[in-house]
Amino acid sequence: MPHDIDVVLVAPRYLAGPGDPAWVTVPLHRASGWSTGEDPLVPRVILTSPDQLAQLRIAPDPDPAEPWWTLRHAHHGDQRAWSMTFDANTPVEIIAAVTDALTAPDPRPMVAGDPYEMLRAAGWHAPRHHDGHTSPQGMTAPDGLARVDRIVHEDGRTASWIVETSVHHLPSVWRAYADGDTPPHLMAALFGAMADETPLVREPHRVPHLAATHGRTSSGQTSAETFAFALERRTTALATRRTPPPPAAGPFSPHAPKPRRPR
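Residues numbered from 1 in each chain as written. Predicted model: local features only at pLDDT ≥ 70, side-chain atom pairs only at ≥ 80, totals over all residues. Heavy atoms only, no water.

**A word on the sheet that holds strand β9 (residues 160-165)**
Note the cut-off: Here, strands pair whenever DSSP counts at least two bridges between them. Secondary structure elements are taken from DSSP: a helix is a run of H or I of four residues or more, a strand is a run of E of two residues or more, and numbering for both begins at the N terminus. In what follows, residue pairs with any heavy atoms lying within 4.5 Å of each other are defined as contacts. Simply put, an axis is a line fit to the C-alpha atoms, just over the touching stretch for a helix, and the angle between two N-to-C directions goes from 0 to 180 degrees.
An order of β2-β3-β4-β5-β6-β10-β9-β8-β7 is seen for the nine strands of this open sheet, with the pairing classed as antiparallel. Strands at the two margins of the open sheet, each flanked by one partner only, are β2 (35-36) and β7 (139-140). Both strand β4 (residues 54-58) and strand β5 (residues 67-73) contribute to a ladder of five bridges, which runs antiparallel. Residue pairing across strands places Q55 opposite R72, the latter belonging to β5. Here helix α1 (residues 22-30) sits on the sheet in contact with β2, β3 (45-48), β4 and β5, set at roughly 35° to β3. Contacting β4, β5, β6 (82-87) and β10 (174-178), helix α2 (residues 92-102) runs over the sheet at an angle of about 10° to β5.

**Some thoughts on the environment of R234**
By the element assignment, R234 lies in helix α7 (residues 230-239). For R234 and P27, which are 207 residues apart along the polypeptide, the C-alpha to C-alpha distance reads 7.5 Å. Beyond its immediate chain neighbours, meaning those up to four positions away, R234 contacts W23, P27, A96 and D100.

**Things to note about the sheet that holds strand β12 (residues 216-223)**
Strand pairs in the sheet, formed through backbone hydrogen bonds, run parallel or antiparallel to each other. The strand order across the open sheet formed by three strands is β11-β1-β12, and the pairing between neighbours is antiparallel. Either end of the sheet is taken by a strand with one partner, and the two such strands are β11 (200-202) and β12. Direction aside, the axes of adjacent strands within the sheet are offset by 35° on average. Pairing geometry for strand β1 (residues 4-11) and β11, over three bridges, is antiparallel. Along β11, the bridge assignment pairs V10 with L200.

Next comes the structure, spelled out in structure tokens:
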């Protein structure tokens, strides 16, 4: 007999806590054809795109402040190699926005424009205080608990991006970094996920303390079937976008030639 379960709606979403990594990994594997590494003795997850150009690693570090997630893409055509990292407490829905955009059949055109467009529309504003290490053109969430900025490189390299959720006088909740060559449509997906005001669903025992003290939470109920099959419905919807391309021999291929060591 169907029954309901208790859930909590958490907003803003960047305070919702990490969630289930399967929200990212299962659709990549089942809907987009990313292959998995076969080493059960190693406590990590490695997923590689069919063209062997992109790779997602989840390598838990004992320090939760260190990146757990690393998304890399090799140099290809006019696109330089790029990478993004996410800390352990990054909500999986925010990471999924990036991987969904990466695997989309028709990505947004990579045209120059206002990267903060969606953030501005959601009420984000220029930070009131500048720490001297980042660009003064950054953006801060209306509640002051999240910010997006660019790291200033004195050597002239393309500036990289930093996304951070933090509460004043406390350690950062989580951080994400993206190097300056990350495609604009992926940064737009990340910023859009940060600005999205739709609450995230969490089980009551998985709601972080900071979400209750600094965010907005509301209790509710949903059917156990709806909750249990949410990932399956998401994966099915993404699978209808396209048929994954056949495997190729990019730099992340297990059969790719290894670089020779200098003698």
